[in-house]
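Fold and geometry: a report
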Amino acid sequence: MGKGAVKEKKSTKIILITPAVAFVVIMLVLPLISVIVNSLSKGLEFYFSSLSTEYVGSAFTVTVIATIVSVAVNTFFGIMCSIFLTKYTFKGKKTLATLVDIPFSISPVIAGLAFIMTFGRLGWAAPIIDGINDALGTDIQIVFALPGVILATIFVTFPFVSREVIPVLNAQGTDEEEAAALMGASAFTIFRKVTFPHMKWALIYGVILCTARALGEFGAVNALSKTRGETFTLPLEIDALYLSGSGDSITAAFSVSSILVIIAVVVLILRNIFEYRYRKKMKDV
């Protein structure tokens, strides 16, 4: 390759890379930096006092609970769903695969409204819940309560685990499981010794994505959350602080936002680490 061709190739590379880097910096990096800068605009004392309010503490607790429960539920059912779709043949398989992707195609706000129309006062499940409360003397409430926030978070984060695991199990095939079954291994042993080692990195990657999505969910949770200081998550508390309009509350909104930014950066680092290890493992195989 001549010097002219090499020079032209470098110029083309620069022309292609420069707009991409500029776009990422302007649209992603600078806004995140501005959040951190604005959160510290009134000093560290104000920053930490903004994070230590009762409302923020409650929102943080609700966010953590909703995230932990949704990740645990979606990890379990994501694994089950992935195994069913890749290791077994049954009627309705394509329908199930389509249903898994529903949260990707439906607006979170619509999902929240759907839960309201299911578990709210006018929902078909309301008489069942009322009957349980009357029989057991309980006060179970789904809509505008913590269970509703958890259900909304589970709904919007459901596909992340299964959609990372399914391609890996499809690539693995069923030969190893069938051989283990012929040798007399139990279903749990086959999963523990054969299936899980192949899918573990994809599973961890899916769990990380599920966690990130759960922490930042707004639309569906906003439809099912009513009381600030009880059912608000961190994104809802940030919205409430910003909409209050005062200078202190807006700065406090940036302070709380910085927590989510820091968490997002940590999640991104973890995702890259596990993605690198997974790709390295695939090359070694």
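Here's a quick rundown of the structure. This is a predicted model, so every value here is computed, not measured. (Residues numbered from 1 in each chain as written. Predicted model: local features only at pLDDT ≥ 70, side-chain atom pairs only at ≥ 80, totals over all residues. Heavy atoms only, no water.)

1. Some details on the overall build of the protein chain
Just so we agree on the cut-off: Segments assigned H or I by DSSP are reported as helices when at least four residues long, segments assigned E as strands when at least two residues long, and all are numbered from the N terminus. Here the globule rule reads 2.2 Å times residues to the power 0.38, and the radius of gyration is calculated from C-alpha atoms. Each residue is assigned to one of three classes by its accessible area relative to the maximum for its type, calculated with a 1.4 Å probe on protein chains only: buried under 20%, partly exposed between the two thresholds, exposed over 50%. Between two residues, a contact is recorded if the distance between any of their heavy atoms is within 4.5 Å. Per-residue and other accessible areas follow the Shrake-Rupley method at a 1.4 Å probe size, with only the shown protein chains counted as cover for residues.
Per the secondary structure count, the protein chain includes 14 helices and 0 strands. Across the protein chain, helices and strands are ordered from the amino to the carboxyl terminus as α-α-α-α-α-α-α-α-α-α-α-α-α-α. Whereas a compact globule of 285 residues would reach a radius of gyration of roughly 19 Å, the protein chain reaches 24 Å, over 25% beyond that. With the C-alpha coordinates of the protein chain rotated into their principal frame, the extents come out at 70 × 60 × 30 Å. Burial statistics for the protein chain: of 285 residues in total, 35% are counted as buried. Counting contacts in the protein chain only where the partners sit at least 6 residues apart, residues at least 24 apart contribute 73% of the total. Accessible area of the protein chain: about 16900 Å², with a carbon and sulfur share of 69%.

2. Regarding the pattern of salt bridges
Rules: We define a salt bridge as a contact between a side-chain nitrogen of Lys or Arg and a carboxyl oxygen of Asp or Glu at a distance within 4 Å.
Enumeration over the complete set of coordinates arrives at 5 salt bridges. In this structure, Glu177 and Lys87 form a salt bridge, with 3.2 Å as the shortest nitrogen-oxygen distance. With Glu177 in helix H10 (residues 175-182) and Lys87 in helix H3 (residues 54-87), this residue pair connects regions lying 90 residues apart in the sequence. This pair shows no difference in class: Glu177 is buried, exactly as Lys87 is. Arg163 is paired through a salt bridge with Asp101; the nearest N and O atoms lie 2.8 Å apart. Residue Arg163 is found in helix H9 (residues 159-172), and its partner Asp101 is found in the loop between helix H4 (93-100) and helix H5 (102-105); the two are separated by 62 residues along the sequence.

3. What about helix H13 (residues 234-243)?
Along an α-helix, residues three or four apart share an orientation, since each turn contains 3.6 residues. Most of H13 sits inside the fold, with 7 of its 10 residues counted as buried. When we look at burial in H13, the residues that qualify are Leu234, Pro235, Leu236, Glu237, Ile238, Ala240 and Leu241. Downstream of H13 by one or two residues, Gly245 has phi in the positive range, about 95 degrees.

4. Here we look at the side chain of Thr153
The test is simple: Polar contact criterion, stated in full: a pair of N or O atoms within 3.5 Å, where within protein one must be able to donate a hydrogen and the other to accept it, and residues adjacent in sequence count only if both atoms are side-chain atoms.
Along the chain, the position of Thr153 falls in helix H8 (residues 146-157). Within the structure, the side chain of Thr153 is placed 2.8 Å from the backbone oxygen of Val149, a separation counted as a polar contact.

5. A word on the side chain of Glu217
Take Glu217: it is sitting in the loop between helix H11 (187-216) and helix H12 (219-224). For Glu217, a relative accessible area of 2% puts it in the buried group. At 2.5 Å, the side chain of Glu217 and the side chain of Arg213 are in polar contact. In terms of polar contacts, Glu217 uses its side chain to reach the backbone amide nitrogen of Gly219, at 3.1 Å.

6. Here we look at unusual backbone geometry
Although it is not a glycine, Phe144 sits at a positive phi angle of roughly 60 degrees. Here Phe144 shows up in the loop between helix H7 (126-136) and H8. Classification of Phe144 by relative accessible area gives partly exposed; the value is 34%.

7. Here's the deal with the packing of aromatic side chains
Stated formally: We call Phe, Tyr and Trp rings a pair once their centres come within 6.5 Å, taking the six-membered ring for Trp, and we label the pair stacked below 30 degrees between planes, edge-to-face above 60, and tilted otherwise. Two thresholds decide whether a charge sits over a ring: the Lys NZ or Arg CZ must be within 6 Å of the ring centre and within 35 degrees of the ring normal.
One pass over the full model with this rule turns up 7 aromatic pairs. Geometrically, the ring pair formed by Phe76 and Phe77 is edge-to-face, given 5.1 Å between the ring centres and 85 degrees between the ring planes. For Phe77, a relative accessible area of 44% corresponds to the partly exposed category. Ring centres 5.5 Å apart and planes at 90 degrees place the aromatic pair Phe104 and Phe160 in the edge-to-face group. With Phe104 in helix H5 and Phe160 in helix H9, the pair connects residues that are 56 residues apart, well separated along the chain. Look at Phe104 and you get partly exposed, because its relative accessible area is 47%. Within the aromatic cluster, the residues linked to one another by ring pairs are Phe115, Phe119 and Phe155. Residue placement shows Lys42 over the ring face of Phe46; its charged tip is 5.5 Å from the ring centre.

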